[in-house]
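# Coordinates in review
As a plain string of letters, each chain reads:
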Amino acid sequence: MDKIVIEGGFPLNGEISISGAKNSAIKLMAVCLLTDEPVTLTNMPRLRDTRSMAGLLRHLGVEVDEGEGDVMQLHAPKLTDLTAPYDLVRKMRASFNVLGPLLARERKAKVSLPGGCAIGARPVDLHLKALEALGADIKLDEGYVIASAKDGLKGGNITFPFVSVGATEHAMLAAVLAEGETVLNNAAREPEIADLANCLNAMGAKIMGAGRSEVRIQGVERLSGVKYAVVPDRIEAGTYALAAATAGGSVRLTNIRSDHLGSLWPLIAQAGAKVSLDETSVLIERGGGRPKPVDVDTMAYPGFPTDLQAQFMAFMCLADGTSIIRENIFENRFMHCPELIRMGADITVRGREAIVRGVKEYRAAPVMATDLRASACLINAGLAARGETHISRVYHLDRGFEKIEVKLQQCGARISRQKDD
Ligand SMILES: CC(=O)N[C@H]1[C@@H](OP(=O)(O)OP(=O)(O)OC[C@H]2O[C@@H](n3ccc(=O)[nH]c3=O)[C@H](O)[C@@H]2O)O[C@H](CO)[C@@H](O)[C@@H]1O
Ligand SMILES: C=C(OP(=O)(O)O)C(=O)O
């Protein structure tokens with residue numbers, strides 16, 4: 001298995017182009033199940049997760065051409081298998097979202113309960129309730145969801161008790177081909193939801209209000225093929241912005257949607273780094289001196305994203321004072337704390353809160369990546385730490401960051417990938 005080795009303690013200077021969003025791309029890939037016409041996705045990131053999703057779709061009978069560059073073509077004239085097996089679904093959470101489209105198109109499906117980052121219990125009860133509200137009959141058997149809708153899915157009224165990105169997307173993916181109108185109340189408002197709705201609407205779906213709490217979906221009989229560009233990855237952009245803020249230097253990020261990170265920019269500025277924005281790029285500059293402490297509470301969009309909590313903590317570990325970081329979305333998303341502590345950070349975790357007492361500097365150390373965003377947080381800490389940091393278990397990182405070493409090397413980082421012993 002590979003490890004990442006960083007000789008840190010040098011500021012970052014340069015420009016990074018941001019890829020398409022992993023968390024949008026893998027859901028957009030599932031839209032090919034809803035049409036017998038070709039779907040072409042552009043601005044696609046090349047990631048372990050997109051490869052895993054391609055593997056699952058091929059298993060179902062989809063012709064997938066992963067192609068070159070950032071284009072992927074998917075075509076499902078006919079589905080040959082309606083079972084999504086454990087081995088293919090366990091690798092990532094979003095693969096579970098094939099259930100709704102399979103039900104909508106073929107009226108039955110058997111899909112393994114999903115995997116994904118181990119950052120909490122992550123049940124799928126809201127997904128299943130939403131599909132039941134659309135008329136699906138659902139049974140659980142030996143780790144599989146067995147679902148059917150003999151007479152086809154019917155529009156329904158779904159009120160989510162709390163916001164769920166995956167369940168909102170899943171309900172949309174099923175309701176577009178259901179008969180009649182579906183109303184989603186308390187829907188997630190993340191940019192990836194609007195991205196999925198925009199793609200489906202370009203295929204002929206009738207989704208109104210995606211990106212707001214109430215979404216109305218008028219079911220249609222069929223969807224056509226589409227060519228669609230994936231939205232820029234706000235989490236990748238936020239990660240590199242925080243890398244520059246943590247290690248110091250001057251980094252411009254291009255191909256972003258700066259409005260999608262409205263909760264991050266003021267906090268970076270409050271901590272003392274300079275943030276210069278336009279619509280599609282941002283320049284982050286931080287000179288000498290320690291950052292100021294800033295408290296963070298993760299929330300559903302437009303609040304501060306849980307997927308940037310670990311990276312923000314890596315920044316705050318160097319602050320001149322104490323900050324409180326509260327994780328409100330996942331109950332077990334502080335696994336990076338022991339690793340940051342190995343690098344000299346001073347953190348106490350109490351339930352959902354981490355109390356971060358800033359230290360003057362990190363010490364390079366061997367550390368282990370426990371999940372995707374935790375891996376990125378350790379890279380950011382390693383870039384700031386004088387000496388050589390070794391980060392093992394990088395397969396987590398490869399799920400969600402395209403060419404991370406190459407992009408950071410472009411900014412002068414001394415980072416490489418090596419074989420782990
Ligand atoms: C592939 C993908 O897009 N992953 C993102 C997605 O995950 P995901 O879609 O899994 O996250 P959700 O928004 O669904 O989860 C929010 C909370 O709801 C809980 N829950 C969710 C569904 C359900 O049926 N029952 C239930 O209890 C979860 O355990 C969690 O505590 O949104 C998260 C929140 O922004 C991000 O951190 C993940 O990166
Ligand atoms: C938690 C994440 O992914 P997943 O939902 O696939 O585990 C993530 O992208 O940070």
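Residues numbered from 1 in each chain as written. Chains lettered and ligands numbered in written order. Predicted model: local features only at pLDDT ≥ 70, side-chain atom pairs only at ≥ 80, totals over all residues. Heavy atoms only, no water.

In the nomenclature of an unreviewed UniProt entry, the protein chain corresponds to UDP-N-acetylglucosamine 1-carboxyvinyltransferase from the organism Litorimonas cladophorae.

## What to know about the packing of aromatic side chains
Under the convention used in this document: To pair, rings of Phe, Tyr and Trp, with the six-membered ring standing in for Trp, must have centres within 6.5 Å; the planes then decide the type, stacked if under 30 degrees apart, edge-to-face if over 60, and tilted in the middle. Burial status follows relative accessibility: with a 1.4 Å probe on protein chains alone, a residue under 20% of its type maximum counts as buried, one over 50% as exposed, and anything between as partly exposed. A run of H or I in DSSP counts as a helix once it spans at least four residues, and a run of E counts as a strand once it spans at least two, with each numbered from the N terminus. Two limits define a charge over a ring: the Lys NZ or Arg CZ must be within 6 Å of the ring centre, and within 35 degrees of the ring normal.
As enumerated under the stated definition, the model contains two aromatic pairs in all. A centroid spacing of 5.6 Å and a plane angle of 75 degrees characterise the contact between F304 and F312, whose relative ring orientation is edge-to-face. Exposure remark for F304: the relative accessible area of 4% places this residue in the buried category. Measuring from ring centre to ring centre gives 5.7 Å for F312 and F315, while their planes differ by 85 degrees; the resulting arrangement is edge-to-face. Of this pair, F312 and F315 both sit in helix α10 (residues 309–316), three residues apart, which is roughly one turn of the helix. Considered together, F312 and F315 belong to a single accessibility category, that of buried residues. The structure contains a cluster of three or more aromatic residues connected by ring pairs, namely F304, F312 and F315. Its guanidinium or amino end placed over the ring of F10, R414 lies 3.7 Å from that ring's centre, counting from NZ or CZ.

## Focus on the pattern of salt bridges
Spelled out, the test is: In what follows, salt bridge is the name for a side-chain nitrogen of Lys or Arg lying within 4 Å of a carboxyl oxygen of Asp or Glu.
The full count for this structure, using the stated rule, is 26 salt bridges. Here K419 and D2 are joined by a salt bridge, their closest N and O atoms 2.8 Å apart. Linking K419 in strand β24 (residues 414–419) with D2 in strand β1 (residues 2–8), this pair joins segments that are 417 residues apart in sequence. The partner of D49 in a salt bridge is R399, with the nearest N and O atoms 2.9 Å apart. Of this pair, D49 sits in helix α2 (residues 48–60) while R399 is found in helix α13 (residues 395–400), placing the two residues 350 residues apart along the sequence. Assigned by exposure class, D49 and R399 land together as buried.

## So, the sheet that holds strand β4 (residues 63–65)
Heads up, the rule is: By this definition, two strands are paired if DSSP reports at least two bridges between them. Helix axes are fitted only over the stretch in contact, all axes being lines through C-alpha atoms; the angle between N-to-C directions runs from 0 to 180 degrees.
Taken in spatial order, the four strands make up an open sheet running β4-β5-β3-β14, and their pairing is mixed. Where the open sheet ends on each side, the last strands, each with one partner, are β4 and β14 (226–229). For this sheet, the mean inter-axis angle between neighbouring strands, taken without regard to orientation, is 15 degrees. Where β4 meets strand β5 (residues 72–75), three bridges bridge the pair, whose relative direction is antiparallel. Bridge pairing links D65 to Q73 in β5.

## Details of the site of ligand 1
Selection criterion: Near is defined per residue: the residue qualifies when any heavy atom it owns lies within 4 Å of the molecule or strand. Pairs of N or O atoms within 3.5 Å make up the polar contacts considered here, provided that, within protein, one atom can donate a hydrogen while the other can accept it, and that residues adjacent in sequence are counted only when both atoms are side-chain atoms. By the convention adopted, Pro, Cys, Tyr, Trp, Phe, Met, Ile, Leu, Val and Ala count as nonpolar, Lys, Arg, Asp and Glu as charged, and the other residues, Gly among them, as polar.
Taken together, the neighbourhood of ligand 1 is formed by 19 residues, with D125, L126, S164, D307 and I329 sitting nearest. Between ligand 1 and the protein, one listed contact pairs an oxygen atom with a side-chain N or O atom of D307 at 2.5 Å. Secondary-structure elements contributing two or more residues to the shell around ligand 1 are α1 (22–30), α5 (125–133) and α6 (165–175). At three residues, α5 tops the list of elements feeding residues into the shell around ligand 1. Residues that form the shell around ligand 1 fall into these classes: eight nonpolar, five polar and six charged.

## Things to note about the nonpolar core
Counted only if it meets this: In these notes, a set of buried Ala, Val, Leu, Ile, Met, Phe, Trp, Tyr and Cys residues joined through side-chain atoms within 4.5 Å is what counts as a nonpolar core. When checking whether two residues touch, look at their non-hydrogen atoms; a contact exists if any pair is within 4.5 Å.
Membership of the largest hydrophobic core comes to 78 residues, with the highest contact counts inside it found for L57, L74, V98 and L200. Residue contributions to this core peak at six residues, all from α6. Apart from the residues within four sequence positions on either side, V98 is in contact with L33, M53, L56, L57, L60, A84 and V111. Counting residues in each nonpolar core, the second largest holds 71 residues, with I6, L12, L253 and F334 among its members.

## Thoughts on the environment of N97
Within the fold, N97 resides in the loop between α3 (86–89) and α4 (99–106). When its relative accessible area of 3% is taken as the criterion, N97 is described as buried. Residues N97 and S19, spaced 78 residues apart in sequence, show a C-alpha to C-alpha distance of 22 Å. Side chain to side chain, N97 and H170 meet in a polar contact 3.4 Å long.

## Remarks on the pairing of strand β11 (residues 181–185)
Counting buried positions along β11 yields four of five residues, so the element is predominantly enclosed. The sheet contact formed by strand β10 (residues 157–159) and β11 spans three bridges and is parallel. If you follow N157 over to β11, its bridge partner there is V183. As paired elements, β11 and strand β13 (residues 215–218) share four bridges and run antiparallel to each other. Each bridged residue has a counterpart across the sheet, and for L184 the counterpart in β13 is V215.

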